[in-house]
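Overview (structure and organization)
One letter stands for each residue in the lines below.
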Amino acid sequence: NCHEIKVLYGMLCRYAMSLDIISQDYSKFIKLPQTEKTEKRVFTRAEIERIDVHAKNGNRIAMAIMILIYSGMRISELLKLRRDNVYISERYMIGGIKSEAGKDRIIPIHSRIIDYVKHFYDDNARTLYADEYGSQIKYKTSRDDFDEFLISIGITGMTPHCARHTHATLEQEAGIPPEDMIKIMGHSDYKTTTKTYIHQSVEKLRNSIEKIA
């Protein structure tokens, strides 16, 4: 799509700058159409494993994508998640935005991403996922980082929200109870029978999310 082409052009510009061929990144002057829409799809198992290899090797963007996939958070929720709302030993976070059901919800930390969450937690920044100076990362920056990293490892056609779609698919495949799915994802479309699950225990949600392989 257009955004990925712009990201790729930016990568080429920065490479040309490193060789003193050009003096600035001309991709910054490209204006994308406001109506651009990308069809949402999910990461395949093979793609998740490919991302995880880089996460295990210390790539921060890969770690962030793995956190998105295995937590179900929106990228905007991860960017705003405060460090003091992350409980490493109890393996859960409190975060979320957008709807009343999604705000300040319990987000269990899957065992597959606990080391990545702890990696960011140990940075001691105000927000969990911060830049090298400890400042909150802007959405546009995180989106460009997301696309640039995925393109570099041969994955195209994805948006950050695809990670959330992937998480929902993994939950469904794992047979997680609907009431737990709703709580973890922070959806507002409660059915009458699930409105009684307002005070889900952290342990119950942790046990549910661990069903994801």
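Nothing here was measured: the structure is a model prediction, and the numbers come from that model.

**Regarding empty space enclosed by the protein**
Tallied over the entire structure, the rule returns one cavity of 30 Å³ or more. Here the largest cavity defines a volume of roughly 80 Å³. When contributions to the lining of the largest cavity are tallied by element, the ones reaching two or more residues are helix H3 (60-71), helix H4 (75-80) and helix H6 (139-152). Top element by residues in the lining of the largest cavity is H3. It accounts for four residues.

**Digging into the packing of aromatic side chains**
To describe a pair of aromatic rings, you give the distance between the ring centres and the angle between the ring planes. Scanning the model with the defined rule gives two aromatic pairs in all. Plain terms: the ring middles of Tyr-87 and Tyr-92 are 4.8 Å apart, the flat faces sit at 20° to each other, and that makes the pair stacked. Classification of Tyr-92 by relative accessible area gives buried; the value is 16%. Relative to Tyr-129, the ring of Phe-120 has its centre 5.0 Å away and its plane inclined at 65°; by these criteria the two rings are edge-to-face. In this structure Phe-120 comes out as buried when scored by relative accessible area, which is 1%. A cation over a ring is seen here: Arg-83 above Tyr-121, with NZ or CZ 3.8 Å from the ring centre.

**Concerning the packing of H3 against helix H5 (residues 114-121)**
Packing of H3 against H5 brings their axes to within 9 Å, and their N-to-C directions diverge by 125°. Relative to H5, the element H3 is oriented oblique. The handedness of the crossing between H3 and H5 comes out as left-handed. Together, Arg-60, Met-63, Ala-64, Met-66 and Ile-67 of H3 and Tyr-116, Val-117, His-119 and Phe-120 of H5 make up the contact between the two elements. Taken together, the residues of the contact of H3 with H5 break down into seven nonpolar, one polar and one charged.

How each quantity is defined
- Residues numbered from 1 in each chain as written.
- Predicted model: local features only at pLDDT ≥ 70, side-chain atom pairs only at ≥ 80, totals over all residues.
- Heavy atoms only, no water.
- 1 Å grid on protein atoms, 1.4 Å probe; cavity = no way out; pocket = protein on both sides within 12 Å on 5 of 7 lines; lining within 4 Å.
- Points joined across faces, edges and corners; volume = space filled by probe spheres on them.
- Helix = DSSP H or I, 4+ residues; strand = E, 2+ residues; numbered from the N terminus.
- Phe/Tyr/Trp six-rings, centres within 6.5 Å; stacked < 30°, edge-to-face > 60°.
- Buried < 20%, exposed > 50% of the residue type's maximum accessible area, 1.4 Å probe, protein only.
- Lys NZ or Arg CZ within 6 Å of the ring centre and 35° of its normal.
- Axes fitted to C-alpha atoms, helices over the stretch in contact; angles between N-to-C directions.
- Parallel < 35°, antiparallel > 145°, perpendicular 65-115°, else oblique.
- Left-handed = near helix turned anticlockwise from the far one by under 90°.
- Contact = heavy atoms within 4.5 Å.
- Nonpolar A, V, L, I, M, F, W, Y, C, P; charged D, E, K, R; others polar.

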